[in-house]
Amino acid sequence: MKVLGAGSTVIMTECTSLQFVSPFAFEAMQKVDVVRLASLSDPELRLLLPCLVRMALCAPADQSQSWAQDKKLILRLLSGVEAVNSIVALLSVDFHALEQDASKEQQLRHKLGGGSGESILVSQLQHGLTLEFEHSDSPRRLRLVLSELLAIMNKVSESSGEFFFKPSELFESPVYLEEAADVLCILQAELPSLLPIVDVAEALLHVRNGAWFLCLLVANVPDSFNEVCRGLIKNGERQDEESLGGRRRTDALRFLCKMNPSQALKVRGMVVEECHLPGLGVALTLDHTKNEASEDGVSDLVCFVSGLLLGTNAKVRTWFGTFIRNGQQRKRETSSSVLWQMRRQLLLELMGILPTVRSARIVEEADVEMEPNVSVYSGLKEEHVVKASALLRLYCALMGIAGLKPTEEEAEQLLQLMTSRPPATPAGVRFVSLSFCMLLAFSTLVSTPEQEQLMVVWLSWMIKEEAYFESTSGVSASFGEMLLLVAMYFHSNQLSAIIDLVCSTLGMKIVIKPSSLSRMKTIFTQEIFTEQVVTAHAVRVPVTSNLSANITGFLPIHCIYQLLRSRSFTKHKVSIKDWIYRQLCETSTPLHPQLLPLIDVYINSILTPASKSNPEATNQPVTEQEILNIFQGVIGGDNIRLNQRFSITAQLLVLYYILSYEEALLANTKTLAAMQRKPKSYSSSLMDQIPIKFLIRQAQGLQQELGAFSAVPVSHTQVMQILEHLTLLSASELIPYAEVLTSNMNQLLNSGVPRRILQTVNKLWMVLNTVMPRRLWVMTVNALQPSIKFVRQQKYTQNDLMIDPLIVLRCDQRVHRCPPLMDITLHMLNGYLLASKAYLSAHLKETAEQDRPSQNNTIGLVGQTDGPEVTREELKNALLAAQDSAAVQILLEICLPTEEEKAKGVSPDSLLKDVQSVITTSAPNKGLEEGEDNLLCNLREVQCLICCLLHQMYIADPNIAKLVHFQGYPCELLPLTVAGIPSMHICLDFIPELIAQPELEKQIFAIQLLSHLCIQYALPKSLSVARLAVNVMGTLLTVLTQAKRYAFFMPTLPSLVSFCRAFPPLYEDIMSLLIQIGQVCASDVATQTRDIDPIITRLQQIKEKPRGWSGICKDPSYKNGSRDTESMDPDVQLCHCIESTVIEIINMSVSGI
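The protein is annotated in an unreviewed UniProt entry as Integrator complex subunit 2 from Equus caballus. Recorded under Sequence similarities (unreviewed entry), the UniProt text for the protein is reproduced unchanged: "Belongs to the Integrator subunit 2 family."

This is the structure:
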């Protein structure tokens, strides 16, 4: 294998005489291709013996017949090689004992600090390492190499990244290199845990011939190639050409890739990924470019370096730019420098596409326009244009981003390429634009009068050929407009605008000093484009056909606009009116953004003179006849039709011109009178002939796609068609429609809007949310505000909504019963709650340093300086908790039916109960009716959406659930929250704490909540908490006063039924509790001379013989009775409630049995 010709001098002198593993041999080892291995020469085969001998002697995992045949071939191949015997002897050593001794030596070196000369592996040496190696048997040879290798590896681990070179006889003696390599390969293969291959590779960089040893090691373990390369790159230097260690590492990896060229580009990818060893990346690319050179296409070198400098990864760009700058700072670049090789290769590629033969047309031009001694290049070949453009952009990046300073030869060849003449194709137009911008960006490339003359001739050719290029290439925005625009910028001294134009065209942000444009400004303004030439040329530039916003780039309209602003036309008495009129006639939708500013500045040039000294220096207005020509074909009456000769866009623009002209004339009356000027106003008869109202209707029709919702009250079908069309657009294409979509959302709240429209709007909003969430949310919140007469709506900002996310819920109340819009509102609420957390955390960090000095001064106590910071953090957390709980409470309140809904018999509890009735009903009509009234109502859907959000919030932060339930909420919502929020089971963790609160209301709420949870989650944990609740109720019975007893037990007694339903083992305890409550109440009643004992007697009988009472209990006359409960005192009412509760429990238990 041929070694590298231009690498580090040290490694090159080391390895020039050594035999390396060829790519053919490495591939044969990788694929275990015995036939190819048999074709290798003896020197090539010698390098692979360690692996082949192990392969032949060790028991294989593959027991197939084909491998048995291959193994015979390998044995036959090895039978004639003498060196095999020494390798077999090496494999016969007790490696387990060797590894134990090596571990002991490692421990000893670690204990003694690594400086001791004592060795367990090798006893005292009588001679040098080379002689010892020669006289030793196989076990001792293994120990000698292992001891030397471990010493180097230890030194590497202790060097803290600083490179060192370790002299070693074993790795330097040319006589024993192959035997040492055999020992090294066997050691690594047999002791992989002691000698990880990546660590061994790292150690070999520090010895002479290390690259050769490394290649042999990897060739004998071919599967380790990627692992070794990645390890060497990860441990490598950021800039490899700056140090000996970096150059040795780069050359070693380059040798590895020479051995396995198919993985070279993958290794290059590792280099870029780690941002290490840039010289290696370039060297591998150079090797690849030489092997697979393409004459016409863009080379891999150009693509690779362009990708590094022009990619989106700023870290990679900075890393490679540093490589270029550091390479230039070295005093003397030689051919061994990778940067020098890269520059040379790029220059060769550039010179390879330079045209050198004159074409007839250019010779003809040269004879007329040029001096005889000025060299003229012919046009670029069409197949070279794309490559030439890529090279120009690369050199721009190298000079502008990486700071490359071109040599005289590079500058000369670049200028020759930039001033060559491409064919009239879109790629040719692109090339000329890039060349022109590169001349502006790097004016130092033009340094001699001859070069300046060459540039001037090329610029003159650009001006002359611009029309031909545009007509032939089919590109509307060609380089002619750019030339004209730059000339105007130079005349008006707008150098920053030129710099922006150059950067935009080149597609990169580079630093261009305005002072560097001074010479180009002189050439443009005095030699090529004098102001008079600019204005005269501008009116001859053809207008853009069908000008619309879809046509991008630098157009004639940009040039005319700049000239109008600088008053060049009036200054040089060039009429521009006809050009503007023709351009207005050649317009279409969507409207180009430069048209209205052009009309405004044109009107200003008509009314206001360029200077006071010359009041007549104004442009001419469009004549009335020209205006009427645009509106030819207008038929009066209801059936108005416009002639197809002029588009509606042209007619609207002319109408805008007339109205703006008249308005400006009125606004400048005093100024014009002072200047003794009175421009003519358009006649009233002209205005009478223009169908203004019709045009306005047409304009509204053009915007119908944007103003879709304005038609909501009129035609739902039409709106649906427009919305369905919008759903076909991508997210980025929907962005222009976002403002109108959101601003008209309030119209969707009107009654009668079909559900399909609402759902489509929701779908479009969610698509827009993927590309512009922040702006979309602000617009939506402002659009959904309640409309109150005589009150101006506040326009909230992003900052307002992050500080107070609850603004989202202060929307129109109708949103709360519009599920598609409520879905959007909940999405925004969740987003702003999260944004508020991030905002407050960031604010706390930003203001921490500002507040610390004043806080420390006010405390003055040692050890308390951190107190205020803790307090600020606690205040922030308290605010966020209050904010989240307030949002939850508002959402729960929304779930409650309104007064109108209550009047219709809607309640949260009934909604839940109706689920089962609709599912189990046998009458289809009845089920449908109930579904329409209850299950499919808007309130039901909104409750589901809110429950989903609350579930997410509880899962994200269980403390919110705890806080909300400690605050409490209407008990009629408990069936909804327990059934609709899957994460409500976490409440079982804190219900004991809630029951222990001193407030009676919280205890009642806890027991009611627990009763629903027990039904929903009949778990052992629920049973223990329910038993606790029953015990607490028994305890409270003994301590509560009569009034509090009534207030506590009346709402909680029904919960006992749920406890029994969920957990029958609680039946005895609950029945005993009910009888105790009844006895306490009866005793209070008895003291007031009221006999209530019969109720207690009945309760005891019911408890003892429940079956006998089950029939009576089910009798509605008995259950409801004709008791006048309103006249009873609280204890009597409580007794009857107890009796009803017991009866319900018995009915439930008997029916269950």
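J.: Before we go on, may I ask you to explain the overall build of the protein in this structure?
T.: Along the backbone of the protein there are 61 helices and 0 strands. Each of the 1153 residues in the protein was classed as buried or not, and the buried ones make up 50%. Within the protein, residue pairs in contact and separated by at least 24 positions form 73% of the contacts whose partners lie at least 6 positions apart. Total accessible area on the protein stands at roughly 54,500 Å², and carbon and sulfur atoms take up 53% of it.

J.: Even after reading the chapter, I still don't get the packing of aromatic side chains, so can you show me in this structure?
T.: Given two aromatic rings, their pairing is described by the distance between the two centres and the angle made by the two planes. Considering all chains together, one arrives at 14 aromatic pairs under this definition. Ring centres of F966 and F990 lie 6.0 Å apart, and the angle between their planes is 50 degrees; on these two criteria the pair is classed as tilted. One end of the pair, F966, is in helix α51 (residues 958-967); the other, F990, is in the loop between α52 (974-980) and α53 (991-995), with 24 residues separating them in the sequence. The same class applies to F966 and to F990, which are both buried.

J.: Whenever I open this one, the nonpolar core confuses me. Can you help?
T.: In globular proteins that are soluble, nonpolar side chains generally tend to be buried together. Membership of the largest hydrophobic core comes to 229 residues, with the highest contact counts inside it found for L256 and Y657. The leading source of residues in this core is helix α22 (residues 385-400), at 11 residues. Apart from the residues lying within four places of it in its own chain, the contact partners of Y657 are I599, Y602, I603, I606, P621, V622, I627 and Y682. One finds L726, L749, A1006 and M1148 within the second-largest nonpolar core, a separate group that totals 118 residues.

J.: So what exactly am I meant to see when it comes to helix α33 (residues 595-607) here?
T.: Working note: α-helix, 3.6 residues per turn, so residues spaced by three or four point in the same direction. Here α33 spans 19 Å end to end across 13 residues, near enough to the 18 Å set by a 1.5 Å rise per residue. Buried within α33 are the following residues: L595, L598, I599, V601, Y602, I603, S605, I606 and L607. Buried residues in α33 make contact with α30 (556-565), α31 (568-571), α32 (577-585), α35 (648-667) and α36 (669-674).

J.: Help me understand α32 in this model?
T.: Where burial is concerned, most of α32 is hidden: 7 out of the 9 residues are buried. For α32, every residue scored as buried is listed here: K577, W579, I580, Y581, Q583, L584 and C585. Lining the buried residues of α32 we find α29 (531-538), α30, α33, α34 (624-630) and α35.

J.: Got a minute to help me understand the packing of helix α23 (residues 408-418) against helix α24 (residues 426-441) in this structure?
T.: Angle between the axes and distance between the axes are the two parameters that describe a pair of packed helices. It is at 9 Å that the axes of α23 and α24 come closest, and there the two elements cross at 140 degrees. The angle between α23 and α24 falls in the class oblique. Each of L414, L415, L417 and M418 in α23 lies in contact with α24, whose residues at this interface are F431, S435, M438 and L439. Here the contact of α23 with α24 is built from residues that sort into 7 nonpolar, 1 polar and no charged.

J.: What exactly am I supposed to notice about the pattern of salt bridges here?
T.: For side chains bearing opposite charge, pairing can occur when the charged atoms are close. Here the structure, examined in full by the defined rule, presents 27 salt bridges. For E724, the salt bridge goes to R756, with nearest N and O atoms at 3.1 Å. You can see E724 sitting in helix α39 (residues 716-726) and its partner R756 sitting in helix α42 (residues 755-768), a full 32 residues away along the chain. You can call E724 partly exposed: its relative accessible area is 30%. Across the pair K876 and E873 runs a salt bridge whose closest N-O atoms are separated by 3.0 Å. Here K876 pairs with E873, and both are found in helix α46 (residues 867-895), just 3 residues apart, close to one helical turn. Since its relative accessible area comes to 32%, E873 is described here as partly exposed. By sharing partners, the salt bridges in this structure join E27, K31 and R36 into a single network.

J.: Please explain the packing of helix α5 (residues 49-57) against helix α7 (residues 84-91) as it appears in this structure.
T.: Taken N-terminus to C-terminus, the directions of α5 and α7 make an angle of 65 degrees; their axes are 10 Å apart at the nearest point. Where α5 crosses over α7, the two elements pack in a sense that is right-handed. Residues L49, P50, V53, R54 and L57 of α5 form the contact with α7, whose participating residues are V84, I87, V88 and L91. Along the lines of polarity and charge, the residues of the contact of α5 with α7 split into 8 nonpolar, no polar and 1 charged.

Procedures and definitions
Residues numbered from 1 in each chain as written. Predicted model: local features only at pLDDT ≥ 70, side-chain atom pairs only at ≥ 80, totals over all residues. Heavy atoms only, no water. UniProt positions renumbered as here; feature names shortened; annotations may be inferred. Helix = DSSP H or I, 4+ residues; strand = E, 2+ residues; numbered from the N terminus. Buried < 20%, exposed > 50% of the residue type's maximum accessible area, 1.4 Å probe, protein only. Contact = heavy atoms within 4.5 Å. Areas by Shrake-Rupley, 256 points an atom, 1.4 Å probe, with all protein chains shown as cover. Phe/Tyr/Trp six-rings, centres within 6.5 Å; stacked < 30°, edge-to-face > 60°. Core = buried A, V, L, I, M, F, W, Y, C linked by side-chain atoms within 4.5 Å. Expected span 1.5 Å × (residues − 1). Axes fitted to C-alpha atoms, helices over the stretch in contact; angles between N-to-C directions. Parallel < 35°, antiparallel > 145°, perpendicular 65-115°, else oblique. Nonpolar A, V, L, I, M, F, W, Y, C, P; charged D, E, K, R; others polar. Salt bridge = Lys/Arg side-chain N within 4 Å of Asp/Glu carboxyl O. Left-handed = near helix turned anticlockwise from the far one by under 90°.

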